[in-house]
Amino acid sequence: MADADLLRSLGVDPSPLDPAPSWAPRAGAERLDGSHPCALCGKPARATLGVDTPGHGRRWLDRCMPCLFATTPRSGPRRPLADTLTVLREAAREAGVALTIVADGS
């Protein structure tokens, strides 16, 4: 999803969002000190994303965890169940954990 589409789907006006640098790997982590409000509900943000906005440039989209989870698209290509089970079995084997997986095959 394009950044402008994301903001539009969330109903977020980009104009009040803080300007974000074009590239600053640590800048996002530094924002997560609880002093920036969630763009959706106003609670302290615990996740941030730099988004490109038409007419406003790059901006920070700060969200609290409940809003992030509630607004993160979950659609997309799904892996076959067998692939997921293979990954789980391998992780358990590497960790030395006994694992029993019960799946209905769907």
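Everything discussed here concerns the structure shown above.
Residues numbered from 1 in each chain as written. Predicted model: local features only at pLDDT ≥ 70, side-chain atom pairs only at ≥ 80, totals over all residues. Heavy atoms only, no water.

A.B. asks: Break down helix α1 (residues 3-10) for me, citing the residues and quoting the values.
C.D. replies: Looking only at α1, the buried set comprises L6, L7 and L10. One face of α1 carries all of its buried residues, which in axial projection span an arc of 95°. What points out from α1, more than 90 degrees from its buried face, is the exposed set R8 and S9. Those residues of α1 that are buried are in contact with β1 (47-53), β2 (57-63) and α3 (65-71). G11 sits one or two positions beyond α1 and adopts a positive phi of about 75°. (Buried < 20%, exposed > 50% of the residue type's maximum accessible area, 1.4 Å probe, protein only. Helix = DSSP H or I, 4+ residues; strand = E, 2+ residues; numbered from the N terminus. Arc of directions from axis to C-beta. Contact = heavy atoms within 4.5 Å.)

A.B. asks: Run through helix α4 (residues 81-95), naming residues and quoting values.
C.D. replies: Over its 15 residues, α4 extends 21 Å from the first C-alpha to the last, a length consistent with the 21 Å expected when each residue adds 1.5 Å. Looking one or two residues beyond α4, the residue adopting positive phi is G96, at roughly 70°. (Expected span 1.5 Å × (residues − 1).)

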